[in-house]
Amino acid sequence: MTEVRPMEAASASLWERDEELAAVAQAVDALRADRSSSGSLLMVQGEAGLGKTALLAETRRIAEERGCTVWSARGGETLRSVPFNVIRQLLQPALVSLMPEEAREYLGDWYEVAGPALGITEPGERQADPQGVRDGLVAAVRRLARRDWPLVLLIDDAHWADQETLLWLAAFAERLDDLSVLVVVARRPGEVSGESARLLDAVAATAGRPRTLLSALTPDATAGLTRATLGAHADAPFCREVWAVTGGNPYETVELLAKVQDSELEPTEGSAAELRALNRSARGGGLVARLEELGIDATRFAWAAAILGTGITVRLVAKLATMDPAAAARCAELLKGARILAEPDPSDTGAGDGELEFVHPLIATAVYHSIPDALRTAMHGIAAQVITDSGLGAAMASRHLLQVHPDDDEELVEQLREAAREHVAVGAPDAARRCLERALLEPPTPDVHARVLYELGCATLLTAPAVTIDHLQSALGMPGLAGDERVDAVFRLSQALLHNDQLEEAVRTVEAEAARHEDGPAKLRLQAVRFMWEGIAGEAVSPDRSERLAALAATCAGRDNSERALLMLRGFDALIHGENAEEVVEYCDRSLVNGRLAPGLGWTDTEWGIELLLMLASSYAHTDRLDRAESLCTEALRAYETAGWSGGHLVLAHAYVGLAHRRRGRLREAETSLRESLRLAERVGRGLPLYWTVTCNLVDTLLARGHVVEAWEIAERYGFAPPYPSTIVMPDVRSVRGRLLIAVGRTKDGINELEEAEKSAAARGHHNPVVVPWALDLARALATEDPARAARLATDARRQAERFGTDTAIGEALRCAAALETGQRAVRLAAQAVAYLEASPCQYEHAAARVEYGIAARSVAEINRGLALARSCGADGLVATAREVLETGRGLR
């Protein structure tokens, strides 16, 4: 049994907690052992009053005694709608003590991303990416932990933490292997459901040991605590009744014993019958009755404190309760004497920034729910005004505005819209959604209603495409949106439809809107958007699409971004249809301004979206303009990392950097970029088009490296198999899947897959053998069983390659033709392939051609040249082939 000093109430909850405290001490010692030690997490669960807070307080004492830095925070029942509330409590004390320059130094590039969420800097102009903000917050703790090692984080009442904090905590807990931090989280089991419960379970799952489930005190422990508090003369029947009345709940036991002391009740069997009445006065209705006995002013003060929930100061409570400062101060003292309010422990940074706090969350809950419903609603309205008048901003006031009854209040609608904008700016779209959904209930006036729906659609675009669709369709169906705002709403609606796998509906939406406009910038933008969505369609679209796009692009000189977008789209369309590469490049170059993306068409500009720029990068990558492609992709990566966009945008940026490396022949670098992209894609979610882009490129790269087993494992683990997405993926999914099946020995299945790729390409008019390389692989696969068909395929591929005109395309077609021949004809074709690929920037293909030519010509020198190139590319399979031929040496010269 844990020894405690008599009358030390806080230690009551530590009775019978030896195992829990030993686990805490062990975790703290492990943390202190080495700066490079892995972090760990302890999850403490227990019903209300079982001593979670006391255990965290003792953890603080143990950690500080051993030289650790301790930061703490606490969730609040009425504060769950305040985004980043708990993590702000956790980190702000460490950050506000720094000068702005010091904070920038510690947070580095993440300062602008995470700073607004932490309330230490103003948000930027762009909408913050929630995933990026979470990553920034993880990085913030990582960097501060280096300064303040060994660092212990305590989070109490995590079941009441806001959603944004829980999302951060789940992400942070996953990375504790390389973060030397101890995290201790306390929660009540079963208190929350839905997403909050899922996130808390995910956090608990990362703990290296079973979660701690606190139990009630045994009768012996209750007796020991009773005698330690009231004196050794407390008899056994009295102690047993204390346990029976409280159920061994440590908090209730402490409160009951305090009442016994206040009433001067003798701790003997004769007084035991009075314990139940005393216990009722310490909780629930009894607590409310006791509060009322303190007088109406004290009751009003306690109600106002419960409404505020955090940051409880006598000044704010006085304003909310409409009391003069002197009366408020008297009430505060009265409530402290009654053990309803207390002054926060100065060492407890999680207590908030007020002068007062409730003695226990159970008391705060009972007081809050004792306020008559109508009065509670009215007080929330007043609290919102008090907070606004105090200069704390609309976002801080919004949690109170959410509780106010709808009443056709135009001003309240505007306040909620402003709060939503503030939430979006710091990366809390769910909080913005709550504000705007509440604004709709007011309801807004007819001239504002559509704008609220539009703003709601924008707020949910990154998190809930289906919800966005409903809101934006409703907004567009009523008056209020006009001009550029309406066009932007249509564009965002089409984006949401696309991400919800409703491509045809996305196309119809912009087509219908374009028909409503006269010729001009708005119509041109909508036409460009329609061509863009059609351009990424995985299935056939209208047969005259290319002709219509070519005709429209012919009128464009790049005077504005709509014209530039159409030029990019025309270049991409020409690419996939296998038109002359020089013309593709000409269209792409004309879309730029002095060789750079035009203002408004940058990677983080939202007017057009990422899809258009990825088409531009693909066009350069597949026309052998790898310097331009690599520059664009690297710029994208830098832009998204700087802006803190860590969702799908960053996934695709890493994927296209990987594509640029793969095209150039830097296979190791390509694999690294693509594996990072896949890691990020896992957070965004499987089944999305971007997920296919990543897995397809990674499988393609691993096959090029000769890592067939790894390629198959990736395909199996991440679902790289039919059914395929409705949007285009580069390189072609069926072609890569077919090549993979052949590589693992499933030749017949591979041939079937490549034949399906042939049919799909024919239906879509995709005739570029670089983008859709099925023909070259199919020709090789059929060389033995159907050499005539294989020859026809190779001949057609060569004709298409020569039409396209790049050295890579022609060289690859010649490689395939050489593989189908024997004798001197094979040697001549292989030599021609080498000549073309030597002029190409694609070094892996050049290396393969060198090795194949050396083998056909039986030339040790050529094989060695190919071997050197293969080693520099990281093409391990090609290296093995070359070395095997050289080692056997048969017939070589």
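(A) Region of the structure containing the packing of aromatic side chains. In this structure the tally under the stated criterion is seven aromatic pairs. Relative to Y640, the ring of W603 lies with its centre 6.3 Å away and its plane at 80°, an arrangement referred to as edge-to-face. One end of the pair, W603, is in the loop between α29 (581–590) and α30 (610–622); the other, Y640, is in helix α31 (residues 626–643), and 37 residues separate them in sequence. On the basis of relative accessibility, which here comes to 0%, the residue Y640 falls in the buried class. Both rings, one in W692 and one in Y724, keep their centres 5.7 Å apart while their planes meet at 70°; by these two values the pair is edge-to-face. In this pair, W692 sits in helix α34 (residues 689–705) while Y724 sits in the loop between α35 (708–717) and α36 (733–743), placing the two residues 32 residues apart along the sequence. Above the ring of Y368, the side-chain terminus of R376 is found at 5.3 Å from the ring centroid. Directly above the aromatic system of F491 lies the positively charged group of R525, at a separation of 5.0 Å from the ring centroid.

(B) Region of interest: the pattern of salt bridges. Under the definition given, this model contains 73 salt bridges. With a closest N to O distance of 2.8 Å, D148 and R147 form a salt bridge. On the basis of relative accessible area, D148 is assigned to the buried category, the value being 15%. Residue classification places R147 among the partly exposed residues on the basis of a relative accessible area of 28%. R705 is the partner of E671 in a salt bridge, and the nearest nitrogen-oxygen pair spans 2.8 Å. Note that E671 is positioned in helix α33 (residues 667–684) and R705 in helix α34, a separation of 34 residues in sequence. The residues E671 and R705 share a single accessibility class, namely buried. If you follow the salt bridges from partner to partner, you end up with E414, R417, E418, R421 and E455 in one network.

The rules behind these values
- Residue numbers run consecutively from 1 along every chain, following the written order of its sequence.
- In keeping with the predicted nature of the model, local features appear solely for residues at pLDDT of at least 70, side-chain atom pairs appear and are counted solely at 80 or more, and the whole-chain, interface and lining totals rest on all residues.
- The side-chain quantities take in all heavy atoms of the structure and omit both hydrogens and water.
- Here the aromatic set is Phe, Tyr and Trp, taking the six-membered ring for Trp, and pairing holds for ring centres within 6.5 Å; pairs whose planes are under 30 degrees apart are stacked, those over 60 apart are edge-to-face, and all others are tilted.
- Runs of E in the DSSP output that reach at least two residues are strands. Runs of H or I that reach at least four are helices, and both are numbered from the N terminus.
- Relative accessibility under 20% of the residue-type maximum defines a buried residue, over 50% an exposed one, and the middle range a partly exposed one, all with a 1.4 Å probe and only protein chains included.
- Two conditions define a charge sitting above a ring: the NZ of Lys or the CZ of Arg must be within 6 Å of the ring centre, and it must be within 35 degrees of the ring normal.
- Only one rule defines a salt bridge in this text: a Lys or Arg side-chain nitrogen within 4 Å of an Asp or Glu carboxyl oxygen.

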